Amino acid sequence: MTEIVSTEVATTRTITYRQALNETLRAELEHDDKVFLIGEEIGIFEGSYKITAGLLEDFGPDRVLDAPIAEEGFVGAALGAAMVGMRPVVEIMTINFSLIAIDQIVNHAAKMRSMFAGQVSIPLVIRMPGGGGQQLAATHSQNLEVWYAHIPGLKVVAPSTPADAKALLTAAIRDDDPVIFLENLSLYSAKGEVPDGEQIAEIGKAAVVKTGTDLTIVSYSRGTTTALEVARQLEAEGLSIEVVDLRSLRPLDRDTICASVKKTGHAVVFEDDWLSYGIGAEISATIGEGVFDFLDAPVRRVAAAEVPLPYAKSLEKAALPSAADLAKVVREVLNISSTPNDN
Amino acid sequence: MAAKARTRPESTVESTGGEPADTLRDYYERMSLVRAFELRSSEMYARAKIGGYCHLNLGEEATVVGLMAAIEARDYLFTGYRDHGYALLRGLSPERVMAELFGKVTGVSGGRGGSMHLFDSETRLFGGYGIVGGQIPPATGAALALKNQEAAGPDAAAVMCLLGDGTTNIGAFHESLNLAGLWKLPIVYVIVNNGLGMGTTVEKASAEPELYKRAASYRMPGVRVDGDDVLAVRDAARDALRQARESRQPVLLEVMCYRLRGHSVVDPARYRSSEDTTIAQQSDPVPSFRAKLITAGVLSETDAAAIDEAADVRVSEAVVFADESPEPDVDDLFKYVYATAVANMPAALPGEPVMDAL
Ligand SMILES: Cc1ncc(C[n+]2csc(CCOP(=O)(O)OP(=O)(O)O)c2C)c(N)n1
Ligand SMILES: [Mg+2]
């Protein structure tokens, strides 16, 4: 279902999301000597989440550059290198710390091509994980993707599988515009089949990752994993759920979303982020504009409680959207009373 | 390797000369308490009683005790996330600190902050911050307020802002020191230089690795002191605080110490050379201060053992308290989002409809 522009092979391997990223970075460092990596602790420490393991050793300190704790400085430096012909791939340790670099990203990287009438290209990738649920407390558990998805001039992708991690990262690195590449802490160890050989996804395309006829769940990143789990669980109860994985948050593939909802007549958006002004709000509005006449029930959003995420397990669990919350809302939208064995 | 290259100042207090025996004994008790608390925190993390990130003061005990002996109750303390020892010596009970680590409602931050975000308004421990450098601008602002609120003098309050060596590379550090230097604020910035920011040595992160020299750019005194020497740390911090209180002269104090273990409890620190690890272990301030006091006749071996035992018992009590305390009530999830009730406050749990049909 994934849109692939070029593909050479048929063989696949089952690897983790982490490994898919690592192999892709390696392949791109080999493919183009203008590509280099920059970020905190990506070399000697091999990355906070070990995404860059082994790369310093094999490519040396000019290609894998450890930066001091200076997000605004090194993101801006990567941007400058991109302006004069390099293809930097930045790792920001988590999306929370990108707020220190946001001026360089939003006021500069996103603006330059337009503001300078197309005279400069910004082939810059910024990789960073988001996500809560690991008791990292309020400042270290945010998603914030909507901050970037809101900005014209940026492209924002959020792969949910190892295969997409590979194909979208390759596409991002070869893209001539700044791409925000969103990872998720809880996806790094997730396994999936990944095709061998060069894979380049088309940025801006969603994928129907499971077909169904009764209701559409729209999600992205880790949320897609939960959506698929719920869809399969409800299938056992005789419900046919379609799952749309956004893959790209900007641009947004409105056609794929609307085509699915036109068919099913029901939609629920599942997101890890806070509800107000979120991705779900955009999806919901899109469905309202595009396929209002085909809706059999209002679109619902399942999102995080709007609170700085507390450390305590009890509160954290209550604040984050779960599979059970999603299943409950799907049933409500379809007007089905829940089964007694449901949690 | 890096550790060897680090220039450490000559210890100003080689002996315990002149210091009352009670004070020395007291300092050893505090060092022993921090050590016991941190070792137990590590153990509790391994037993999944503590979650998230957990950064320990192991190896930094003399620094923690020296700084906290210098600060006065009226002063404000801001720190990074490596904050357990400071909270304990600021006077918070081990029970309430351990309870915070356990995510319990009896914790210093109500279980909402965890290890990195200890806060206690009563003792003026003003956090506990997980974002590198996040504490530096607010600490500077607190000093700005103090300057407006009271006259300079020996009884005036000051701010102590702790930060790591790696943290001196973030913009907020430079912006804040410039403000403090420009506006003559009563603040002491303390760089707790343990030689590493995660896996990165000071030499690999800072173009001027003699970090106290960075003060020159802001026309403030820069002082470096041996962090394994509790008395030297205390005296240097007292002197810096005196300048802040009496002359509104901000000071940058660099305290040289070692991080005994990984960056956080889950980091095995494989990137560290065995030589560096050996140096860190050899300069461990807890056994060396203990030995020094025994040699000086301040403590007998039995006294020292009794102190260690008492610290361990104290921490055991804290663990029992933390374990038996309740988790925060889910009904209180939104309790602290705003100061007062506000119309239309979003308070839906995940999956709850945001609108009832009109
Ligand atoms: C803005 C920001 N960037 C990165 C991090 C991740 N991080 C947490 S601690 C740390 C190292 C800090 O080192 P140092 O200042 O020397 O303090 P130490 O841990 O040694 O006490 C890093 C990079 C963060 N928390 N915030
Ligand atoms: Mg350090």
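Definitions and cut-offs
Residues numbered from 1 in each chain as written. Chains lettered and ligands numbered in written order. Predicted model: local features only at pLDDT ≥ 70, side-chain atom pairs only at ≥ 80, totals over all residues. Heavy atoms only, no water. UniProt positions renumbered as here; feature names shortened; annotations may be inferred. Helix = DSSP H or I, 4+ residues; strand = E, 2+ residues; numbered from the N terminus. Buried < 20%, exposed > 50% of the residue type's maximum accessible area, 1.4 Å probe, protein only. Domains from an automatic or database assignment. Contact = heavy atoms within 4.5 Å. Buried area = accessible area lost by both parts, 1.4 Å probe. Salt bridge = Lys/Arg side-chain N within 4 Å of Asp/Glu carboxyl O.

- The name given to chain B in an unreviewed UniProt entry is Pyruvate dehydrogenase E1 component subunit alpha, and the organism recorded there is Cryobacterium suzukii.
- You can read under Catalytic activity (unreviewed entry) in the UniProt record for chain B the words "N(6)-[(R)-lipoyl]-L-lysyl-[protein] + pyruvate + H(+) = N(6)-[(R)-S(8)-acetyldihydrolipoyl]-L-lysyl-[protein] + CO2".

- The name recorded for chain A in an unreviewed UniProt entry is Alpha-ketoacid dehydrogenase subunit beta, from Cryobacterium suzukii.
- UniProt, in the comment section headed Cofactor (unreviewed entry), describes chain A in these words: "thiamine diphosphate".

### Remarks on unusual backbone geometry
Next, step 1: Put simply, Arg 250 of chain A and Pro 251 of chain A share a cis peptide bond, and its omega is -5°.
Next, step 2: The phi dihedral of Asn 335 of chain A is positive, around 60°, even though this residue is not glycine.
Next, step 3: Considering the arrangement of structural elements, one finds Asn 335 of chain A in the segment after helix 12 (323–333).
Next, step 4: The backbone of Arg 248 of chain B sits at a positive phi, close to 55°, despite the residue not being glycine.
Next, step 5: For Arg 248 of chain B, a relative accessible area of 9% gives the class buried.

### Thoughts on the UniProt feature "domain: Transketolase-like pyrimidine-binding" (unreviewed entry) in chain A
Next, step 1: Taking the UniProt record as the reference, the feature "domain: Transketolase-like pyrimidine-binding" (unreviewed entry) is found at residues 15–190 of chain A.
Next, step 2: With 36% helix and 17% strand, residues 15–190 of chain A has its two end C-alpha atoms placed 8 Å apart.

### Section: the domain arrangement of chain A
All names here are of chain A.
Next, step 1: The domain architecture assigned to chain A consists of domain 1 (15–200) and domain 2 (207–333).
Next, step 2: One C-alpha centre belongs to domain 1, the other to domain 2; they are set 26 Å apart.
Next, step 3: Contacts between the two partners involve 31 residues from domain 1, matched on the other side by 25 residues from domain 2.
Next, step 4: For the pair domain 1 and domain 2, the summed buried surface comes to about 2200 Å²; carbon and sulfur atoms form 51% of the total.
Next, step 5: For the interface between domain 1 and domain 2, the tally reads one salt bridge.

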